[in-house]
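Close look at the chain arrangement
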Amino acid sequence: MDGKLRIKISVADRVYPLTVEPVQEEGLRSASKKIDAMIKQFEESYAVRDKQDVLAMCALQFASQVEQKQIDNAIDGEETIERIKRLNSLLDQYLEN
């Protein structure tokens, strides 16, 4: 357990003891707060009585955000490649003259 921290993270009114690297602590605590805020939002917005349903909705929300970022990054990557191709073409034309 060299250099690891023992922390307790609360999610959905349950406490989870974890052993983590120090660099992970801030991210885990932030994620825990975001999950709890999303749970509260879902409970206030929808007539959800079962905590498992709310947690499933949170998981879907977070997973869809990750997927959307991957899609957006892929699109950005394609646009960047197209720009580089256009620049290469312009450079080729310039160097040929």
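Just so it is clear, the structure is predicted and the values come from calculations on it, not from any experiment.

The rules we used
- Residues numbered from 1 in each chain as written.
- Predicted model: local features only at pLDDT ≥ 70, side-chain atom pairs only at ≥ 80, totals over all residues.
- Heavy atoms only, no water.
- Pairing = 2+ DSSP bridges.
- Helix = DSSP H or I, 4+ residues; strand = E, 2+ residues; numbered from the N terminus.
- Buried < 20%, exposed > 50% of the residue type's maximum accessible area, 1.4 Å probe, protein only.
- Contact = heavy atoms within 4.5 Å.
- Salt bridge = Lys/Arg side-chain N within 4 Å of Asp/Glu carboxyl O.
- Core = buried A, V, L, I, M, F, W, Y, C linked by side-chain atoms within 4.5 Å.
- Phe/Tyr/Trp six-rings, centres within 6.5 Å; stacked < 30°, edge-to-face > 60°.

Relative to strand β2 (residues 14–20), strand β1 (residues 5–11) runs antiparallel, the two sharing seven bridges. By the bridge assignment for β2, S10 is matched with V15. Hairpin geometry of β1 and β2 is characterised by an intervening segment of two residues between the two adjacent antiparallel strands and by a positive phi of about 55° at A12.

All right, on to the environment of V54 then. Here V54 shows up in helix α2 (residues 51–96). Here V54 falls in the buried class, since its relative accessible area comes to 1%. In this structure, V54 is in contact with I39, F42, E43 and V48, ignoring residues within four places of it in sequence.

As a further point, take the pattern of salt bridges. Going through the model one piece at a time under the given rule, you end up with five salt bridges. When the shortest N-O distance is used, the salt bridge between R29 and E25 registers 3.0 Å. Note that R29 and E25 are positioned in helix α1 (residues 22–45) at a spacing of four residues, about one turn of the helix. The closest approach of N and O atoms between E43 and K51, which form a salt bridge, is 3.0 Å. Bridged by salt links that share partners, the residues D13, E43 and K51 form one connected network.

Moving on: the nonpolar core. Listed in full, the eleven residues of the largest apolar core are I7, I9, V11, A12, V20, M38, I39, F42, V48, V54 and C58. Ignoring anything within four residues of it in the chain, the contact list for A12 reads D36, I39, K51 and L55.

The next point concerns the packing of aromatic side chains. To describe a pair of aromatic rings, one takes the distance between the centres and the angle between the planes. Tallied over the full model, the rule gives one aromatic pair. Between F42 and Y46 the ring centres are 6.0 Å apart and the planes differ by 35°, which places this aromatic pair in the tilted class. Taking relative accessible area as the criterion, Y46 reaches 47% and is therefore assigned partly exposed.

If you check the backbone angles, A12 has positive phi at about 55° while not being a glycine. With respect to the secondary-structure elements, A12 resides in the loop between β1 and β2. Backbone geometry at D13 places phi at a positive 65°, although glycine is not the residue there. Note on placement: D13 falls in the loop between β1 and β2. Relative accessible area serves as the criterion here: at 70%, D13 is assigned to the exposed category.

Another point: the side chain of S32. On the secondary structure map, S32 appears in helix α1. For S32, a relative accessible area of 9% corresponds to the buried category. With near-sequence residues (within four places) excluded, S32 lies in contact with I9, S10 and V11.

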